[in-house]
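Here is what each chain is made of, one letter per residue.
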Amino acid sequence: MKKYISNNFSRNIGIYFYMDKPKLTIELIPSTSFYTNVRSILPTKEWDRLRKESYEKANFKCQICGDVGTNQGYRHKLECHEIWIYQKDGVQLLKELVSLCPRCHQVKHIGRSIAVGIKKIAFAHIAKVNKWKKEDVEKYVGFCFQEHKEKSKIKWKLNVKLLNEKLGVDEKLIDEGLRSKTLGKPTWKRKKKKKKIVAKKKRPTKKK
Ligand SMILES: [Zn+2]
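Quick summary incoming for the structure in this document. (Residues numbered from 1 in each chain as written. Predicted model: local features only at pLDDT ≥ 70, side-chain atom pairs only at ≥ 80, totals over all residues.)

### Focus on the overall build of the chain
Then, in step 1: For the chain, the helix and strand inventory stands at ten helices and three strands.
Then, in step 2: What you see in the chain, going N to C, is helices and strands ordered as α-α-α-β-β-α-α-α-α-β-α-α-α.
Then, in step 3: Out of the 208 residues belonging to the chain, those deemed buried represent 25%.
Then, in step 4: Restricting to contacts in the chain with at least 6 residues of sequence separation, those with at least 24 account for 62%. (Helix = DSSP H or I, 4+ residues; strand = E, 2+ residues; numbered from the N terminus. Buried ≥ 20, exposed ≤ 12 C-beta atoms within 10 Å, placed from the backbone. Contact = placed C-beta atoms within 7 Å.)

Here it is as C-alpha cells:
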C-alpha cells in the first residue's frame, strides 16, 4: 500500500501525495522564513564548528546517497543542511543538522536550483536516488511547490533550542543572533555599506 510522503504540515492543510516515502525529499523554506537559518543566527566560527562536527558524525559521506562532492566535480565533499519541522502551532522547530553531498543539497532547495539553471541536473539526481521515473519527479516537485505556497502564508516562529540542548551552543550567542536586526535579510543586504549622507550645499542667497 502506498503511504503518504507528506509531513504533518501538509496533512494539516489537506495536501496529500501518494507515494512511498522517498530517500531524497525536497525541503523548501517558506518565503516568510527566508534567511532565518542557523548559519545566519550564529557567528561564522560557531557555524563552522557545527558543520564540521556534522561531517565527522556522518563519516564524511552524504547521509542520503553516500556520495561526496569531490566525485561530483566540486572542491568540497559535503554541505551542512538544517532540518526543520513546521508545527501546527506556527513554530518552526530545528530538528537536526545533517551532512549532504552538493547534489542532494541542491535537491533539498529545489527552488533555488531551478532559479540558478540546474533544474535538469537536480531532477535527474532525484530520479536516480529515489529510483523514480521522470513523471514521478515532476509530480513530486509540483506537490512540494503547492505545499510551499501554503507554508509561505504563515509567519513562522523559530525554535532553535536544539543548538543549546544538543549541540552545545552558548545560549547567549543564540539570543544575540535571534535578536539581530539583519536576521531574515539576504547576505548582500547585510554587507551593504550605509550611504554617506552628503550635506547639501547651501544655495548662495541672492543679493539685491
Ligand atoms: Zn547525496
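### Digging into helix α3 (residues 44-57)
Then, in step 1: Between its terminal C-alpha atoms α3 stretches 20 Å, which fits the 20 Å expected from 14 residues at 1.5 Å a residue.
Then, in step 2: Positive phi appears at Asn59, one or two residues downstream of α3, with a value of about 60°. (Expected span 1.5 Å × (residues − 1).)

### Comments concerning the environment of Leu173
Then, in step 1: Checked against the element boundaries, Leu173 lands in helix α9 (residues 171-179).
Then, in step 2: Between the C-alpha atom of Leu173 and that of Glu46, which follows or precedes it by 127 residues, the distance is 9.1 Å.
Then, in step 3: The residues touching Leu173, leaving out its near neighbours within four places in the chain, are Leu42, Pro43 and Glu46.

### What to know about unusual backbone geometry
Then, in step 1: With phi around 65°, Tyr35 is a residue other than glycine that occupies positive phi space.
Then, in step 2: Assessed through the 15 C-beta atoms surrounding it within 10 Å, Tyr35 is described here as partly exposed.
Then, in step 3: Although it is not a glycine, Lys131 adopts a positive phi angle of roughly 55°.
Then, in step 4: Note that Lys131 resides in the loop between α6 (119-130) and α7 (134-151).

### A look at the sheet that holds strand β3 (residues 157-159)
Then, in step 1: Pairing within the open sheet is mixed, and its three strands lie in the order β1-β2-β3. Edge positions in the open sheet fall to β1 (79-86) and β3, since each of these has one partner strand only. Strand-to-strand twist of the sheet, defined as the mean angle between neighbouring strand axes without regard to direction, takes the value 40°.
Then, in step 2: Relative to strand β2 (residues 91-100), β1 runs antiparallel, the two sharing eight bridges. In the strand pairing of β2, Tyr86 is matched with Gln92. (Pairing = 2+ DSSP bridges. Axes fitted to C-alpha atoms, helices over the stretch in contact; angles between N-to-C directions.)

### Topic: the nonpolar core
Then, in step 1: Within the largest apolar cluster, 20 residues are counted, with the highest numbers of intra-cluster contacts made by Cys62, Leu100, Cys104, Val107, Ile110, Ile126 and Val141.
Then, in step 2: Of all the secondary structure elements, the ones that give two or more residues to this core are β2, α4 (102-108), α6 and α7.
Then, in step 3: Once residues within four sequence positions are removed from consideration, Val107 is found in contact with Leu24, Ile26, Ala122, His125 and Ile126.
Then, in step 4: Counting residues in hydrophobic clusters, the runner-up holds nine residues, among them Ile41, Trp84, Val160 and Val169. (Core = buried A, V, L, I, M, F, W, Y, C linked by C-beta atoms within 7 Å.)

By themselves, these figures tell us nothing about what the structure is for.
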